[in-house]
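Structural features, examined
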Amino acid sequence: MSDNHLPGYICRIAGILCGLTIALPALAPGVRAQVSGYGRSSAPITGGTGVSAAPTNPFPPMPGTYAPAHKAMDGTPCISVHPSSHPQIVNPKIIDQAVIVNNVCGQSIKVQVCYAGNSDCIVVSLSGYQKLQRVLGIGNSNAFRFEYRELY
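Described below are features of the structure shown in this document. Everything numeric in this text was worked out from a predicted model, so none of it was measured.

What counts and what doesn't
Residues numbered from 1 in each chain as written. Predicted model: local features only at pLDDT ≥ 70, side-chain atom pairs only at ≥ 80, totals over all residues. Heavy atoms only, no water. Pairing = 2+ DSSP bridges. Helix = DSSP H or I, 4+ residues; strand = E, 2+ residues; numbered from the N terminus. Axes fitted to C-alpha atoms, helices over the stretch in contact; angles between N-to-C directions. Buried < 20%, exposed > 50% of the residue type's maximum accessible area, 1.4 Å probe, protein only. Salt bridge = Lys/Arg side-chain N within 4 Å of Asp/Glu carboxyl O.

Regarding the sheet that holds strand β5 (residues 121–126)
In spatial order, the strands read β1-β7-β4-β5; together these four strands make up an open sheet with antiparallel pairing. Each of the sheet's edge strands pairs with one partner strand only, and the pair in question is β1 (45–49) and β5. Strand-to-strand twist in this sheet, taken as the mean axis angle between neighbours without regard to direction, amounts to 25°. As paired strands, β1 and strand β7 (residues 144–151) are joined by five bridges and run antiparallel to one another. Paired with T49 across the bridge in β7 is F144.

What follows is the structure in structure tokens.
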């Protein structure tokens, strides 16, 4: 390579580096949108009826992984979910497994309730100070475990 081509070669390298420097900030808003925008949820909370509670995870989630759950003015959670099960009228051997979702805050909150360790889920949209009962599924036992999370 001659000295005449060397400055042009260095400029091309510098041009590529400058191009990457300009392109990286353009990608950053897209990355932040995944963290703070659509698809975010609070950490899952488990519950159940007639079964032992799921073991607690001794390792806290990485900061920023989950959105914070909605809290009332006194710091208590806005959302509570309670299990309920009752036999069907037509066939008492078939059990409706339901959840009662309660919102004690004034803001609208969307909650996803799933069977624990499963992708069978329902989404419950609650207005402020609203309580709703929804059937999660049916089974042959009163015992079931669930997990819920707030959707943003």
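As for the pairing of β5
Taking every second residue as pointing to the same face, the buried face of β5 carries I122, V124 and L126, while none of C121, V123 and S125 on the other face is buried. Pairing of strand β4 (residues 109–115) with β5 involves six bridges; the strand directions are antiparallel. Looking at the pairing, I109 lines up with L126 of β5. Counted between consecutive antiparallel strands, the loop separating β4 from β5 contains five residues, among which G117 sits at a positive phi close to 70°.

Side note on the pattern of salt bridges
Overall, the coordinates contain one salt bridge when judged by the stated rule. For the salt bridge of R149 with E147, the shortest nitrogen-to-oxygen distance reads 3.8 Å. For the pair shown, R149 and E147 are each scored as buried.

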